[in-house]
Amino acid sequence: MRTEQELARLCTSGDREAQGELYAQYASRLYALCYRYVADRDDAQDLMHDAMIKAMDSFSSFTYSGDGSLFAWLRRLTVNVVIDRLRQMSKLRLVPIDMAMEPGNPDADDDVADDIPAQALLDMVAALPSVRRTVFNMYCIDGFSHKEIADAINITEKGSASILAKARTQLKSAVNDYLKRTGR
Amino acid sequence: MKQMEDIFKERLDNYEMKLPSMDQQSFWSRKAVRERAARRRRSYLSIAVAIPALAAILLAIILIMNLLITNK
């Protein structure tokens, strides 16, 4: 298996074999990332393909800066592809409605989520309404700031923070329900 | 104690989902379609640039010939 740096260098020069290796190494992670945002397997596959094609076409803009930088770059690019698509599909226009909704008040013990399988956690994120899911993913998992989120999906920074609080509350409730259902 | 979202991050950050069957084939054929479309766009663009250029050259030749004939 090639190193990240070597793989990036070969992909920049359009090497087909290296592109295949890139796909084999990162496709399933990017597929899960897309699914986290769109909560639909077909759409997630479609977006992952688009992101991979875009990455392969724009490798000249990638700069290697240590281990993990290739995935970090692919992740940013993929999130941008996903956000663009969500915008086109108008799935992010529900912000005012979402912001008007009252959060619930369950209070799950934070530590217990550690026992829950990753796929169950992913399903909980996928079950969030589109805007909450987007903000939660961008802020908590993909490391965007409220300012970046606000710019990306056309809301205010305050709005982003408020949506995030509601997403957290909803997820706590989902964790509680899961724990009750599974008798933990 | 870990925050709930730290646990979500830890578990989902590098999470891998099993790809649908035939995923690679569908990816490469999609990529090939995109490349063909891009090539076609490029060739349409070159035609769109070449036609007015050729017309301008042709017009210039006609004008020069006209001038030469009138001078004679």
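The rules behind these values
Residues numbered from 1 in each chain as written. Chains lettered and ligands numbered in written order. Predicted model: local features only at pLDDT ≥ 70, side-chain atom pairs only at ≥ 80, totals over all residues. pLDDT = per-residue confidence, 0-100. Contact = placed C-beta atoms within 7 Å. Axes fitted to C-alpha atoms, helices over the stretch in contact; angles between N-to-C directions. Helix = DSSP H or I, 4+ residues; strand = E, 2+ residues; numbered from the N terminus. Parallel < 35°, antiparallel > 145°, perpendicular 65-115°, else oblique. Left-handed = near helix turned anticlockwise from the far one by under 90°. Nonpolar A, V, L, I, M, F, W, Y, C, P; charged D, E, K, R; others polar. Domains from an automatic or database assignment. Core = buried A, V, L, I, M, F, W, Y, C linked by C-beta atoms within 7 Å. Buried ≥ 20, exposed ≤ 12 C-beta atoms within 10 Å, placed from the backbone.

Peer 1: Help me understand the confidence of the model for chain A, please; the structure alone is not making it clear to me.
Peer 2: Regions with low pLDDT carry predicted coordinates that are not meant to be interpreted in detail. On average, residues of chain A score 87 in pLDDT, and 86% of them reach the 70 mark or higher. Here residues 99–106 of chain A scores under 50 on pLDDT; set against residues more than four positions off or in separate chains, the count is 13 contacts.

Peer 1: Which parts of the structure should I look at to understand the packing of helix 3 (residues 41–57) of chain A against helix 2 (residues 23–71) of chain B?
Peer 2: Working note: a packed helix pair is described by the angle between its axes plus the distance between those axes. Running from amino to carboxyl end, helix 3 of chain A crosses helix 2 of chain B at an angle of 55°, the nearest separation of the two axes being 10 Å. Comparing the axis directions of helix 3 of chain A and helix 2 of chain B gives the class oblique. The two elements helix 3 of chain A and helix 2 of chain B meet at a crossing, and its hand is right-handed. Residues Gln45(A), His49(A), Met52(A) and Ile53(A) of helix 3 of chain A lie in contact with helix 2 of chain B, whose contacting residues are Asp23(B), Phe27(B), Arg30(B), Lys31(B) and Arg34(B). Here the contact of helix 3 of chain A with helix 2 of chain B is built from residues that sort into three nonpolar, two polar and four charged.

Peer 1: What exactly am I supposed to notice about the domain arrangement of chain A here?
Peer 2: Size of an interface: often given as the accessible area lost when the parts come together. All names here are of chain A. The assigned domain composition of chain A is domain 1 (4–88) and domain 2 (95–182). Contributions of two or more residues to the side of domain 1 that touches domain 2 are made by helix 2 (16–38) and helix 4 (69–88). Among the residues forming the side of domain 1 that touches domain 2, the class breakdown is seven nonpolar, no polar and two charged.

Peer 1: Honestly, the nonpolar core in this entry has me stumped. Any pointers?
Peer 2: In a soluble, globular protein the nonpolar side chains are often hidden away together inside. All names here are of chain A. By size, the foremost hydrophobic cluster in this structure holds 57 residues, and its most contacted members are Leu-30, Tyr-31, Cys-34 and Met-48. Among the elements that line this core, the one with the most residues is helix 2, at 13 residues. When residues of this core are assigned to domains, at least three fall in each of domain 1 (4–88) and domain 2 (95–182). Beyond its immediate sequence surroundings of up to four residues, Leu-30 is in contact with Met-48, Ala-51, Leu-74 and Thr-78.

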